[in-house]
Structure formats: structure tokens, C-alpha cells
Amino acid sequence: MIIHCRDAAAAMAEALTSFQQSRRAAGLAPVTGVMHCWGGTPEETQWFLDQGFFISFSGTVTFKKAEQIQASARMVPGDRS
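Residues numbered from 1 in each chain as written. Predicted model: local features only at pLDDT ≥ 70, side-chain atom pairs only at ≥ 80, totals over all residues. Heavy atoms only, no water.

Peer 1: Give a detailed account of the sheet that holds strand β3 (residues 54–57), specifying residues and quantitative values.
Peer 2: Taken in spatial order, the three strands make up an open sheet running β1-β2-β3, and their pairing is parallel. The open sheet has two edge strands with one neighbour each: β1 (2–4) and β3. This sheet shows a mean twist of 25° between the axes of neighbouring strands, independent of strand direction. Pairing of strand β2 (residues 34–38) with β3, which is carried by three bridges, proceeds in the parallel orientation. Bridge pairing links Trp38 to Phe57 in β3. (Pairing = 2+ DSSP bridges. Helix = DSSP H or I, 4+ residues; strand = E, 2+ residues; numbered from the N terminus. Axes fitted to C-alpha atoms, helices over the stretch in contact; angles between N-to-C directions.)

Peer 1: Give a detailed account of the environment of Met75, specifying residues and quantitative values.
Peer 2: As for its position among the elements, Met75 is in helix α3 (residues 67–75). Separated by 20 residues in the primary sequence, Met75 and Ile55 have C-alpha atoms spaced 10 Å apart. The contacts of Met75, once residues within four sequence positions are left out, are Pro42, Thr45, Gln46 and Leu49. (Contact = heavy atoms within 4.5 Å.)

Function cannot be inferred from these measures alone, as they are strictly geometric.
Put into C-alpha cells, the structure is as follows:
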């Protein structure tokens, strides 16, 4: 699953939690994927990492004032980016 989530990490986490619960109830494995063009906080990033997602950053990670995105990028393991 590829998810492009902009300024809606809390709502996406809620929707994904509900979706995964429905899959478990149906006897299906949880889905993982990529948070595409990610720009969330380190806390939000950690939540999606904990769910098994890969994290993809756009060019905004290179912007001088993009400290929050850069902090998120630093915390993503090399095998998950």
C-alpha cells in the first residue's frame, strides 16, 4: 500500500488502525507499505514505522528550515527508507 498523507497523520493512523482491525477480524494479515512523500513529525514517523511501514521523503527534506522532516529522516532505519 502506498499512502500519500499530508497534514493528516492522526486521521490516517485512525483509519489505518480501523482497517487493520477489520483485516484481523477477517483472518487476514495486516498490510504494510510506504508512507510516500512523508513530512510528519518524529512521533508520527515512529508510529508508522511501528506499523511496519517504509518511509519515503520528498525533496523538502533538503530545505534548510525543514528541521522536523530532517529529524524524522534521521530516525528511519536505513532498511526502511
